[in-house]
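Understanding the architecture of this molecule
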Amino acid sequence: MALVENRSDVPVTIDESKCIDGCRLCVDMCPLDSLAIDPETDKAFMHVDECWYCGPCAARCPTGAVTINMPYLLR
């Protein structure tokens, strides 16, 4: 069994298969500017590991590509 040396969980994940090329709704709605557009894929991604779990990024996404991984203790 292989062990993962680095665990990388981010508060917000973007499903690239659902993300619309060039759409900036989630990026524009984030109050912390944690989301950005990848210049290579033209899709959103979380470039800073900060999140208030406020939810406008997920609420404004027309395709449901944005998922907020809220910690259990904050639910």
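See the structure shown above.
To start, this report covers the structure provided alongside it. (Residues numbered from 1 in each chain as written. Predicted model: local features only at pLDDT ≥ 70, side-chain atom pairs only at ≥ 80, totals over all residues. Heavy atoms only, no water.)

Our focus in this paragraph is the pattern of salt bridges. Under the criterion given, the structure shown has 2 salt bridges. The salt bridge involving Asp-28 is made with Arg-24; its shortest N-O contact spans 3.5 Å. Among the residues examined, Asp-28 registers a relative accessible area of 53% and is labelled exposed. (Salt bridge = Lys/Arg side-chain N within 4 Å of Asp/Glu carboxyl O. Buried < 20%, exposed > 50% of the residue type's maximum accessible area, 1.4 Å probe, protein only.)

So, on to unusual backbone geometry. Note: most peptide bonds trans; most residues except glycine with negative phi. In this structure, Asp-33 takes a positive phi of about 55° despite not being glycine. Along the polypeptide, Asp-33 turns up in the loop between helix H1 (25-29) and strand S2 (35-37). Phi at Tyr-53 takes a positive value of approximately 55°, unusual for a residue other than glycine. The residue Tyr-53 is located in the loop between strand S3 (44-46) and helix H2 (56-60) in this model. Looking at Tyr-53, the relative accessible area reads 22%, which means it is partly exposed. (Helix = DSSP H or I, 4+ residues; strand = E, 2+ residues; numbered from the N terminus.)

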